[in-house]
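Structural features, examined
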Amino acid sequence: MHNWARYLIFFQYIGTKYRGVVKVPLEQQGKKGVQDHLEEAIQRLRPNNLVSLSVSSRTDTGVHALSNSAHFDLQRKNDKPPFTEDVLVQALNFHLKEEQIRVTHAHRVPDDFHARFRAQSRTYVYRIALGVPHHTLLPLTDWNLCWSLRDTELDIEAMREAAALLIGTHDFSSFRAVNSDLPFKNPVKTLDAVAVQPGSSFAHSHFHRQLQFWELAFRSRSFLYKQVRRMTGALVAAGQGLLSVSQVKQILDARDTLAYPQGVVAPAQGLFLKSVDYKESDLQFSQQPDSTDDPKNPC
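To start, this report covers the structure provided alongside it.

About the thresholds
- Residues numbered from 1 in each chain as written.
- Predicted model: local features only at pLDDT ≥ 70, side-chain atom pairs only at ≥ 80, totals over all residues.
- Heavy atoms only, no water.
- Helix = DSSP H or I, 4+ residues; strand = E, 2+ residues; numbered from the N terminus.
- Contact = heavy atoms within 4.5 Å.
- Axes fitted to C-alpha atoms, helices over the stretch in contact; angles between N-to-C directions.
- Parallel < 35°, antiparallel > 145°, perpendicular 65-115°, else oblique.
- Left-handed = near helix turned anticlockwise from the far one by under 90°.
- Nonpolar A, V, L, I, M, F, W, Y, C, P; charged D, E, K, R; others polar.
- Expected span 1.5 Å × (residues − 1).
- Buried < 20%, exposed > 50% of the residue type's maximum accessible area, 1.4 Å probe, protein only.
- Pairing = 2+ DSSP bridges.
- 1 Å grid on protein atoms, 1.4 Å probe; cavity = no way out; pocket = protein on both sides within 12 Å on 5 of 7 lines; lining within 4 Å.
- Points joined across faces, edges and corners; volume = space filled by probe spheres on them.

**Description of the environment of serine 121**
Locating serine 121 in the fold gives a position in strand S5 (residues 121-130). Non-local contacts of serine 121, meaning those with residues more than four positions away in its chain, are made with Arg219, Ser220, Arg221, Ser275, Val276 and Asp277.

Structural data, given as C-alpha cells:
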C-alpha cells in the first residue's frame, strides 16, 4: 500500500498538567497523558487506520521533555500519498492547539523501525535552584520547572565524587522505585555519563535578582523506574552533607530498593528528558513522499 507510512516524531511538553507521557486508560478519569493528546491530533487528520503511538521513553506525572519520540503508522484515505514530514509537523501542531505539547520534527522511517528499541541513548537533565526559601519566589518561567532549595550552596565536589561512582555498568536495584514491572526488569544498567554543571534560570537576563542554578545530566541507553530522580536525590543529599560519598556507594552496593533512604527522592518538576538519540542510518527511508496538501484540510 503506497499510501501507508511509518513516521518517527520528536515532541516536547511541559508535563505539569499531564498524567505522564503514556496513554491513560479510559476507565481512569481526570488528567490525560501526552500520548492521548497526540493521538487525538493524529486522528483529526482523518486517517484510514486507528493510530496508536509507540512512545520511546516513559516519563511520569510532572516530568517534562525537551525532546521525546514516538513512532506510528498512518494510511491516508482515497489513495492519497503520505504526508511529507514538514506538512505532518504543521498539521499536528495545528490540531494540538493550546496544549503544552509541540511536535518539533518528523522522519518517515522504514516499516520495521521502532522508536523504543532503536534508541541508542537517552539523556535526562535535572534543574536545581539554590537559595529559594519558597517556590513562589521563583520567576514564572521556572515555576514547576526546577527543584527549589533553601540551601544557598551545595558541596559540588562531593556531588561529583558521588556521581563518578554511578558511571559504568551496575545493578541499580537500590535506585529504582517499586512498580508492577519490578519482577520483569533487569536492574543492571550502564550509565554512560553523569555531569554536575552550572545552569541558569530561563529568565536569567530579565529577573530582578540573581538565582543560582545547577544541572545534573545523565546519559544511558535506558533507565529503571524513577532511577534518575533517585540518583539526583542521593547526589543532592551528598551536596547538602546529609549523605557521605561512602554512604552513596553503600546504597549502590546494597542492590536493594529498601536501602534507599526515605525522603530523599528528587521531585518530578525539575526533571527533563533532554534527548533520545538514534543512528542516522536507522532513520533513512529511500522513498520520499510528495505532498503539498494544506495541513488544516488534510483529506
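Following the structure, the description resumes.
**With respect to the packing of helix H1 (residues 34-43) against helix H2 (residues 85-96)**
It is the contact of H1 with H2, at a shortest axis distance of 9 Å, that shows an interaxial angle of 115°. As the angle between them shows, H1 and H2 are arranged roughly perpendicular. Between H1 and H2 lies a crossing whose hand is right-handed. Between H1, through His37, Leu38, Ala41 and Ile42, and H2, the contact on the second element is made entirely by Leu92, His95 and Leu96. For the contact of H1 with H2, a count of residues per class yields five nonpolar, two polar and no charged.

**Considering helix H4 (residues 227-240)**
Its 14 residues give H4 an end-to-end C-alpha distance of 20 Å, which sits within 8% of 20 Å, the value for a rise of 1.5 Å per residue. A large share of H4 lies buried, amounting to 13 of its 14 residues. Of the residues one or two after H4, glycine 241 is the one with positive phi, at around 80°.

**Some details on the pairing of strand S3 (residues 64-75)**
Burial analysis of S3 places eleven of its twelve residues in the buried class, which makes it a mostly covered element. Examined bridge by bridge, strand S1 (residues 4-13) and S3 share nine bridges and lie antiparallel to one another. Across the sheet, isoleucine 9 pairs through a bridge with alanine 70, a residue of S3. As judged from the two bridges shared by strand S2 (residues 54-55) and S3, these two strands associate in the antiparallel manner. Within S3, the position partnered with serine 54 by the bridge is histidine 71.

**Quick notes on the pairing of S1**
Burial analysis of S1 places eight of its ten residues in the buried class, which makes it a mostly covered element. Sheet topology note: the S1/strand S4 (residues 101-109) ladder contains eight bridges and is antiparallel. If you follow tyrosine 7 over to S4, its bridge partner there is arginine 108.

**A word on the layout of surface pockets**
In this structure, the largest pocket encloses a volume near 920 Å³. Lining the largest pocket are 31 residues, and of these Arg58, Lys185, Phe223, Leu224 and Tyr225 lie nearest its centre. Of the volumes computed, that of the second largest pocket is approximately 250 Å³. What lines the second largest pocket is a set of 15 residues, among which Val24, Leu26, Lys32, Asp36 and Glu40 lie closest to the centre. A breakdown of the residues in the lining of the second largest pocket according to their chemical character gives five nonpolar, four polar and six charged.

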